[in-house]
Amino acid sequence: MADRRFEFARDLQLKGDLPAAADLLLQAIELAPDFTSAWFTLGGIREDLGDPDAAISAFRRAQASDPGDRHGAGLRLMRLGAEPLSGMSQVYVQTLFDQYAPRFESSLVGDLGYRGPALLFRAVLSVRAAARKPAFFKRAIDLGCGTGLAALAFANEVDHFIGVDLSPRMIERARATDLYAELDVADMLQGLRSRDDACADLILAADAMVYVADIAPVLEEAKRVLTPGGLVAFTTETHDGEGVVIGEGLRYAHAAAYVRAVVESAGLKLPLLEDRSARNEDNAPVPGLVAVAGKT
Ligand SMILES: C[S@@+](CC[C@H](N)C(=O)[O-])C[C@H]1O[C@@H](n2cnc3c(N)ncnc32)[C@H](O)[C@@H]1O
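A brief look at the structure comes next. In this text, all values refer to a predicted model and were calculated from it rather than measured experimentally.

Cut-off values and rules
- Residues numbered from 1 in each chain as written.
- Predicted model: local features only at pLDDT ≥ 70, side-chain atom pairs only at ≥ 80, totals over all residues.
- Heavy atoms only, no water.
- Helix = DSSP H or I, 4+ residues; strand = E, 2+ residues; numbered from the N terminus.
- Rg over C-alpha atoms; globule rule 2.2 N^0.38 Å.
- Buried < 20%, exposed > 50% of the residue type's maximum accessible area, 1.4 Å probe, protein only.
- Contact = heavy atoms within 4.5 Å.
- Areas by Shrake-Rupley, 256 points an atom, 1.4 Å probe, with all protein chains shown as cover.
- Lys, Arg positive; Asp, Glu negative; His and termini not counted.
- Charge placed at Lys NZ, Arg CZ, Asp CG, Glu CD.
- Core = buried A, V, L, I, M, F, W, Y, C linked by side-chain atoms within 4.5 Å.
- Near = heavy atom within 4 Å.
- Polar contact = N/O pair within 3.5 Å; in protein donor to acceptor, adjacent residues only side chain to side chain.
- Nonpolar A, V, L, I, M, F, W, Y, C, P; charged D, E, K, R; others polar.
- Phe/Tyr/Trp six-rings, centres within 6.5 Å; stacked < 30°, edge-to-face > 60°.
- Pairing = 2+ DSSP bridges.

1. Considering the overall build of the protein
Here is step 1: A tally of helices and strands in the protein yields 13 helices and 11 strands.
Here is step 2: Rg of the C-alpha trace for the protein: 21 Å, near the compact-globule value of 19 Å for 296 residues, within the 12% margin.
Here is step 3: Over its C-alpha atoms, taken along the principal directions, the protein stretches across nearly 65 × 40 × 35 Å.
Here is step 4: Taking all 296 residues of the protein together, 52% fall into the buried category.
Here is step 5: For the protein, the share of sequence-separated contacts (at least 6 apart) that also reach a separation of at least 24 residues comes to 59%.
Here is step 6: In the form shown here, the protein has an accessible surface area of approximately 13,700 Å², with 49% of it arising from carbon and sulfur atoms.
Here is step 7: The protein carries 31 positive and 42 negative side-chain charges, and their two centres are separated by 4 Å.

2. A word on the nonpolar core
Here is step 1: Membership of the largest hydrophobic core comes to 81 residues, with the highest contact counts inside it found for Ile 141, Leu 143, Leu 202, Ile 203, Leu 219, Val 232 and Phe 234.
Here is step 2: In this structure, Leu 143 is in contact with Val 164, Met 188, Leu 192, Ile 203, Leu 204, Ala 205, Ala 206, Ala 208 and Val 218, ignoring residues within four places of it in sequence.
Here is step 3: One finds Ala 9, Ala 21, Ala 38 and Leu 77 within the second-largest nonpolar core, a separate group that totals 24 residues.

3. Examining the site of the ligand
Here is step 1: Close to the ligand lie 20 residues, the nearest being Tyr 114, Gly 144, Asp 165, Asp 187 and Met 188.
Here is step 2: The contact in question runs from an oxygen atom of the ligand to an N or O atom on the side chain of Asp 165, over 2.6 Å.
Here is step 3: With respect to the ligand, the side chain of Asp 187 contributes an N or O atom lying 2.7 Å from a nitrogen atom.
Here is step 4: About the coverage of the ligand: the protein hides 98% of its 590 Å² of free accessible area.
Here is step 5: Each residue belonging to the shell around the ligand can be placed in one class, and the counts come to 14 nonpolar, 3 polar and 3 charged.

4. Some thoughts on the packing of aromatic side chains
Here is step 1: For the structure shown, the criterion picks out 8 aromatic pairs.
Here is step 2: Here Phe 161 and Tyr 180 contribute two aromatic rings whose centre-to-centre distance is 5.7 Å and whose plane-to-plane angle is 70°, an arrangement assigned as edge-to-face. Placement of the pair is Phe 161 in strand β2 (residues 158–165) and Tyr 180 in the loop between α10 (168–177) and β3 (182–185), with a sequence separation of 19 residues. In this pair, the class of Phe 161 matches that of Tyr 180, namely buried.
Here is step 3: A network of ring pairs unites the aromatic residues Phe 97, Tyr 100, Phe 104 and Tyr 211 as a single cluster.

5. So, the environment of Arg 10
Here is step 1: By the element assignment, Arg 10 lies in helix α1 (residues 2–15).
Here is step 2: In this structure Arg 10 comes out as partly exposed when scored by relative accessible area, which is 35%.
Here is step 3: Looking at Arg 10, its side chain comes within polar contact range of the side chain of Gln 13, at 2.9 Å.

6. Comments concerning the pairing of strand β11 (residues 288–294)
Here is step 1: Extensive coverage of β11 is indicated by the burial of 7 of its 7 residues.
Here is step 2: A two-sided burial pattern is seen for β11, the buried positions comprising Gly 288, Val 290, Val 292 and Gly 294 on one face and Leu 289, Ala 291 and Ala 293 on the other.
Here is step 3: Direction of pairing for strand β5 (residues 226–237) relative to β11: antiparallel, over a ladder of 7 bridges. Residue pairing in the sheet places Glu 237 in a bridge with Gly 288 of β11.
Here is step 4: Here 5 bridges tie strand β8 (residues 269–275) to β11, and the two strands are oriented antiparallel to one another. Residue pairing in the sheet places Leu 272 in a bridge with Val 292 of β11.

Listed below in structure tokens is the structure:
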């Protein structure tokens, strides 16, 4: 009965009758008080109805009824200013990208004009050219490798590619490309921690740091894992304020000064930091950065 009311509420929500949808969700919740999806949907509807306090209380119930927080209620609470900024739930990221995997490339590349791997490729080549070094790498680690688009961009420049991603479905797609010698289903920080010192000369993160609030530990591990002279190249979304915020797209945006500071405190040099957008949203480029940091 609660499921049926939930389904009916979703229909009403899609048709735009938000007050009626909210009523039905409350009825579903009365029947099943820990109905996470109903609480989460109710939170979104209350937000759309312009009632942030009521939205916050619904998102809190969604979070409390699902410790893994597969819907990302914590993220919605952060965006509403009800919780301090912190990391995303790994279950949420995994669920999001497991669902997204079959249509990832058509949606991101086709619909959103995604260009993260090409930006990293051009940036790495220009840093290598400025240093008068060849752009050839023995071992590269692709953090948040997804379906393998970054490995495809660098395929002729890298001998041995290692991919790391939280989403098993994305890793399945990456495996099917045959571009990776090794693939790990893991959080990027854990993936780096499992690697030996000075084992890679290139680390890439194309549109992946946008799911990481605090990128400092990742850069510190990257420094340990890189060979001297090795590079870590990544894209971020950005904003004009200070530090890290959650953007409209529910991804983190890192200010340029923050990126400079964390690269420096990780003990890396920053030969390249440019304003470059990796994707469009609502037909406009999302403000972004491309960074190439190096180990001396
Ligand atoms: C937008 S996709 C980009 C994929 C790929 N790099 C590309 O350029 O097409 C982001 C990927 O990062 C992965 N991801 C997000 N947070 C992660 C984390 N903390 N550790 C490992 N992978 C993560 C997601 O599962 C997803 O596959």
